[in-house]
Amino acid sequence: MAGSDVAMNTDPDDDWTVITSFANLRHATTRAARGKRANATIARFLERREPQLLALQGELRSGAWRPGVPTVFTIRDPKPREITAAPFIDRVVHHALIGPLEERFDAALCPETFACRRGKGTHRALDHAQACLRSASHFLKLDIARCFPSIQHEVVRATLAPFGLGVPVLEVIDRLLAGPDGTATQGLPIGSLTSQWFANLVLGRLDRFVADALRPSGYVRYMDDCVLFADGKSGLREAHGALAEFVRTTLCLELKERATLLAPAHQGLPFLGWRLYRGTRRIRPENLARCRARLKSRRAQHRAGVLASERYLAAVRAHFVHLGGPETIEIRSRLAAQLVVGEHEMGAGPAAPRTARTAAAVSTTPPRTRAPRIATATRRRTATRISGSVPPKASHA
């Protein structure tokens, strides 16, 4: 693995010109409204898009723009998370800011980080982690404690400094960080595009430290979850101590010690809702239960007429993509039989014969094969002994 050099910008004024251009603001509006055009507030904005964007452009260029008051709510997935939903016009600013800078930001990240990046994602992170698992005897799994709420704004500014963004861009970033009242000095709101990128870039410094100083045989990071792979425990114990020190002193964050896991590769790596083994992977039962509950809720909403057919099918397909792979063929087949609606329920005409497959079923039900069965989460789990927290060994002078 290798770190990436930050691509410096030779003319910061060009960034501001592009960010505040009408074409970029219009494109940012399209991205921010994707999948949400049925929302009444967004629909009203889109009805008067041109005058709204001209006014926003004037506020940005004059320095008068300030972020609005967000809507804050809590979800449990499974632990409680406070989600901050910015006003729609602020989300347009988020996309307008990140869009022209995304390529440069992405180039500064190591290839072993997979969150919030085009061409990456959960499944590629799982594939990479499983490949590392096959070539190592042990792994060290780490998590950052309360990552988003704990990130210091000064650390974000220091992380963005090498990009040479220019004063107007940095002023907008400062206003986003400070929040509606302009007083915040710590924390990134969960749910905004800018927070995802700022957190990813801050933790990208951790990736480069791992690559340059620790050099494990394998490494993977998905936002605040990271895993190091090596042959033997001793090297990983030393890496744990060095990482804890770097995270504390350089990033002003802390590792979640109760989530630290040092274990042999053959016992399986819990990562992103799955347990990975060298030859297979199993979705964790609690994650499968949440997936079933969400789909059951969407099914009820669709039957009640609250959820449109297109959005219901989109939700089904999204969950099936998450479950994708030969390891979950049986699970997906059963879910498809339970959840896929008939053509008459889609408003496509009379009900099809019970023996006929609907277009929706064809699009979501995996084909039957005679391939050897692979372990899935439906089997009874056997008890395994996994190492617990692994504080670094005390050094003896």
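A quick note: this is a predicted structure, and the numbers were derived from the prediction, not measured.

Caption draft 1: Summary view of the overall build of the protein chain. Each helix and strand in the protein chain was counted, giving 15 helices and 9 strands. Out of the 397 residues in the protein chain, the part that is buried amounts to 45%. Long-range contacts, defined here as pairs at least 24 residues apart, represent 73% of the contacts in the protein chain between residues at least 6 apart. With an accessible surface of roughly 20,300 Å², the protein chain has 52% of that area assigned to carbon and sulfur atoms.

Caption draft 2: Structural context of empty space enclosed by the protein. This model, assessed by the stated rule, comprises 1 cavity of 30 Å³ or more. For the largest cavity, the calculated volume is near 30 Å³. Among the secondary structure elements, those contributing two or more residues to the lining of the largest cavity are helix 1 (12-19) and helix 5 (88-107). Of all the elements, helix 5 adds the most residues to the lining of the largest cavity, at 3 residues. The class makeup of the residues in the lining of the largest cavity is 7 nonpolar, no polar and no charged.

Caption draft 3: Up close: the pattern of salt bridges. Applying the stated rule across the entire model yields 12 salt bridges. Here D127 and R281 are joined by a salt bridge, their closest N and O atoms 2.7 Å apart. Here D127 is found in helix 6 (residues 122-134), whereas its partner R281 is found in strand 9 (residues 281-283), with 154 residues between them in sequence.

Caption draft 4: Local environment of the sheet that holds strand 4 (residues 218-222). Pairing in this open sheet of 4 strands is antiparallel, and the strands run 4-5-3-6 from one edge to the other. The sheet is open, and its two borders are formed by strand 4 and strand 6 (261-264), each paired with just one other strand. Neighbour-to-neighbour, the strand axes of the sheet open up by a mean angle of 15 degrees, direction not taken into account. One ladder, built from 5 bridges, connects strand 4 with strand 5 (residues 225-230); its direction is antiparallel. Paired with R221 across the two strands is C226, which belongs to strand 5. This element, helix 6, spans strand 3 (138-143), strand 4 and strand 5 of the sheet and lies at about 160 degrees to strand 4.

Caption draft 5: Fine view of the packing of helix 4 (residues 49-62) against helix 5. Between helix 4 and helix 5, the least distance of the axes is 12 Å, while the angle of their chain directions is 65 degrees. As helix 4 runs across helix 5, the sense of the crossing is right-handed. Contacts between helix 4 and helix 5 pair L53, L56 and L60 from the former with I89, V92 and V93 from the latter. Looking at the contact of helix 4 with helix 5 residue by residue, the class counts come to 6 nonpolar, no polar and no charged.

Caption draft 6: How the structure looks around helix 5. Between its first and last C-alpha atoms helix 5 spans 28 Å; for 20 residues at 1.5 Å apiece the expected length is 28 Å, and the two agree. Where helix 5 bends most, at L101, the angle is about 60 degrees.

Caption draft 7: Quick peek at the packing of aromatic side chains. Counted under the stated rule, the structure contains 4 aromatic pairs. The interplanar angle of 10 degrees and the centroid separation of 4.4 Å between the aromatic rings of F209 and F246 together place this pair among those described as stacked. Taken together, the residues span a long stretch of sequence, with F209 in helix 10 (residues 193-214) and F246 in helix 11 (residues 233-249) at a distance of 37 residues. Clustering of aromatic rings is evident, with ring pairs tying together F105, F163 and W197. Of note, K120 hangs over the ring of F114, and the distance from its end group to the ring centre comes to 4.7 Å.

Caption draft 8: Molecular detail of the layout of surface pockets. Roughly 770 Å³ of internal volume is contained in the second largest pocket. Elements that contribute at least two residues to the lining of the second largest pocket include exactly helix 2 (22-33), helix 3 (40-47), strand 1 (71-76), strand 2 (80-85), helix 5 and helix 10. Among the elements that take part in the lining of the second largest pocket, helix 5 stands out by supplying 7 residues, more than any other. Partitioning the lining of the second largest pocket into residue classes produces 13 nonpolar, 9 polar and 7 charged.

Caption draft 9: Main features of the environment of P216. Within the secondary structure, P216 is located in the loop between helix 10 and strand 4. Taking the relative accessible area as the measure of exposure, P216 reaches 16% and is therefore buried. With 13 residues separating them along the chain, P216 and F229 place their C-alpha atoms 6.0 Å apart.

Caption draft 10: Representation of the sheet that holds strand 7 (residues 269-271). Ordered in space as 7-8-9, the 3 strands form an open sheet in which the pairing is antiparallel. Strands with a single pairing partner mark the edges of an open sheet, and in this sheet they are strand 7 and strand 9. Averaged over neighbouring strand pairs, the angle between their axes works out to 25 degrees when direction is ignored. As paired elements, strand 7 and strand 8 (residues 274-276) share 3 bridges and run antiparallel to each other. The residue bridging F271 from the neighbouring strand is W274, located in strand 8.

Caption draft 11: Broad picture of the pairing of strand 5. With 6 of 6 residues buried, strand 5 lies mostly within the body of the structure. Bridge count for strand 3 against strand 5 is 6 bridges, and the pairing is antiparallel. For H138, the partnering residue across the bridge sits in strand 5 and is A230. The antiparallel hairpin formed by strand 4 and strand 5 contains 2 residues in its connecting segment, where M223 sits at a positive phi of about 55 degrees.

Thresholds applied
Residues numbered from 1 in each chain as written. Predicted model: local features only at pLDDT ≥ 70, side-chain atom pairs only at ≥ 80, totals over all residues. Heavy atoms only, no water. Helix = DSSP H or I, 4+ residues; strand = E, 2+ residues; numbered from the N terminus. Buried < 20%, exposed > 50% of the residue type's maximum accessible area, 1.4 Å probe, protein only. Contact = heavy atoms within 4.5 Å. Areas by Shrake-Rupley, 256 points an atom, 1.4 Å probe, with all protein chains shown as cover. 1 Å grid on protein atoms, 1.4 Å probe; cavity = no way out; pocket = protein on both sides within 12 Å on 5 of 7 lines; lining within 4 Å. Points joined across faces, edges and corners; volume = space filled by probe spheres on them. Nonpolar A, V, L, I, M, F, W, Y, C, P; charged D, E, K, R; others polar. Salt bridge = Lys/Arg side-chain N within 4 Å of Asp/Glu carboxyl O. Pairing = 2+ DSSP bridges. Axes fitted to C-alpha atoms, helices over the stretch in contact; angles between N-to-C directions. Left-handed = near helix turned anticlockwise from the far one by under 90°. Expected span 1.5 Å × (residues − 1). Bend = angle between axes of the 7 residues up to and from the residue. Phe/Tyr/Trp six-rings, centres within 6.5 Å; stacked < 30°, edge-to-face > 60°. Lys NZ or Arg CZ within 6 Å of the ring centre and 35° of its normal.

So, to be careful, I would describe these as geometric facts and stop short of saying anything about function.
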